[in-house]
Amino acid sequence: MRSNSVIHGLIILYTTTIFLGIGHGMVMPIIPMISDHFEITGGIAAQIITAFALGRFVGQPIGGILIDRFGTRIAITIGPLFIGASVLIASISPYFWPLLVTLFIAGVADSSWMLGREVAGVDLVKANQRGRLMSGFMGFHAVGMGLGGLIGGVLADASGFRAVFGLYTILALLVFMVGYFAPNSTPVNSKENTLQQKPVGNITARIKGLFFQIDPALRATYIVLVFATASMMLYRMSFQSMFPLYADEIGMSASRIGFLFFLMTIGSLVMILPAGFIVDKIGRKWATVPSTMLPGVAFLVIPLLGSFYPLIAIAVAMGFANGLSLGSVATSTYDVVPDAVRARLQAARRTFSEIGAISGPLLGGVLAVNYGVGIPFLVFAPVLLIAAALLMFVAKETLVKPSKSD
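First things first, this report covers the structure right here in the doc. Because the structure is predicted, anything quoted here is derived from the model rather than measured.

Below, the discussion takes up empty space enclosed by the protein. Empty space among the atoms becomes visible once a probe the size of a water molecule is rolled across them. A complete count under the given rule lists three cavities of 30 Å³ or more for this structure. Estimated volume of the largest cavity: approximately 650 Å³. Taken together, 35 residues line the largest cavity, and the ones lying closest to its centre are His141, Met233, Arg236, Gln240 and Asn322. Going through the elements one at a time, α1 (2-25), α4 (47-70), α6 (97-122), α7 (130-159), α11 (219-249), α12 (254-270), α16 (328-336) and α17 (342-371) are the ones with two or more residues in the lining of the largest cavity. The greatest single-element share of the lining of the largest cavity, amounting to eight residues, is contributed by α11. Here the lining of the largest cavity is composed, by residue class, of 16 nonpolar, 13 polar and six charged.

This is how it looks when you write it as structure tokens:
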């Protein structure tokens, strides 16, 4: 009976993950089209990605508080409803600035939904299955993103960018309806949780109170995981916003841009099972270190490539790297943080890490406008390589392997 409920819950969580991944992935190929339609620069058009990332930044602590206090269902159901309403408004807006506002709201809702989905999934499986669970979440999201890139590019070429937002709305409403039947993880009752729910001091004091509940031997590891997540968000969001502009500059159509994102998905898809096995059986670092190092090297190479076919190899390699990162940092964080405050500490990690998601498209847009669309890749590459070094030499390995007697 327990096995059936786990399978049922995971099917719902993975299905909704794919749907929202498709919706978000459809937005990337239409950035050049939005630029042309509203007669703005590509760097400004790319700020729809910044707006979404800023929304996720704001939504993380909101989601963490709601989930630790009321359970996961509120985030899993209400989040997609807000996403659908937001992108519906974007689909009919005659001006560019409402797109920034609506995608900001969609980002708030998306981050809360994503955190609720994770906590619900973590409660479904055993601790030594977390890597495969998180790998599945990130893998199916990557599959959705890649399919969304392909679908969005084709749909935009055929019917315009507004049709893309319309389909995104439908997908979000489907997730809302299916999410009602998702498992609901109730709050963990403990003295620490009760204390942390009371308003104590300012925001900084509350964050410190959460942080000091972590085992002292693992606090440095948590900090490194925060920085590593920020670097991953930096390269993912900057790649999503800057790569279409770079590809457009060298003469690629929206369909070809979408195809490259689809190839990235193939690489991620191939790594879903291996990544989960590596994280659960060999070690968390065997996934986290190469998943930051490989994109750093790729970012150094991208500005040197000026045609479609060499970029195919980069897309596949980025997909492999993304596949290795599938849930490995989140899994390591669940290893480190106490259960009673897990949603808030995960949210805190992602809140700080959203600095990378926000600064990537924003700084990348400024660099692209002033120095060329290839420059952001060269500027961001060292950040990724530093993150890889910290994960390798500073962070502790958090996988606890069972003894032979177990």
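The next subject is the packing of aromatic side chains. Tallied over the entire structure, the rule returns 17 aromatic pairs. Here the aromatic rings of Phe211 and Tyr222 are separated by 6.1 Å at their centres, their planes lie at 50°, and the arrangement is tilted. Of this pair, Phe211 sits in helix α10 (residues 203-211) while Tyr222 sits in helix α11, placing them 11 residues apart in sequence. Exposure remark for Phe211: the relative accessible area of 18% places this residue in the buried category. Residue class for Tyr222 comes out buried when judged on its relative accessible area of 5%. Between the aromatic rings of Phe239 and Phe243, the centroid separation amounts to 4.6 Å while the plane-to-plane angle is 10°, which identifies the pairing as stacked. Taken as a pair, Phe239 and Phe243 lie in helix α11 at a separation of four residues, close to a single helical turn. Comparing Phe239 with Phe243 shows no difference in burial state: the two are buried.

The next thing to look at is α16. Most of α16 is tucked away: eight of the nine residues are buried. What α16 keeps buried is the set Ser328, Val329, Ala330, Thr331, Ser332, Thr333, Tyr334 and Val336.

Reading the values: rules and limits
Residues numbered from 1 in each chain as written. Predicted model: local features only at pLDDT ≥ 70, side-chain atom pairs only at ≥ 80, totals over all residues. Heavy atoms only, no water. 1 Å grid on protein atoms, 1.4 Å probe; cavity = no way out; pocket = protein on both sides within 12 Å on 5 of 7 lines; lining within 4 Å. Points joined across faces, edges and corners; volume = space filled by probe spheres on them. Helix = DSSP H or I, 4+ residues; strand = E, 2+ residues; numbered from the N terminus. Nonpolar A, V, L, I, M, F, W, Y, C, P; charged D, E, K, R; others polar. Phe/Tyr/Trp six-rings, centres within 6.5 Å; stacked < 30°, edge-to-face > 60°. Buried < 20%, exposed > 50% of the residue type's maximum accessible area, 1.4 Å probe, protein only.

On their own, these measurements won't tell you what the molecule is for.
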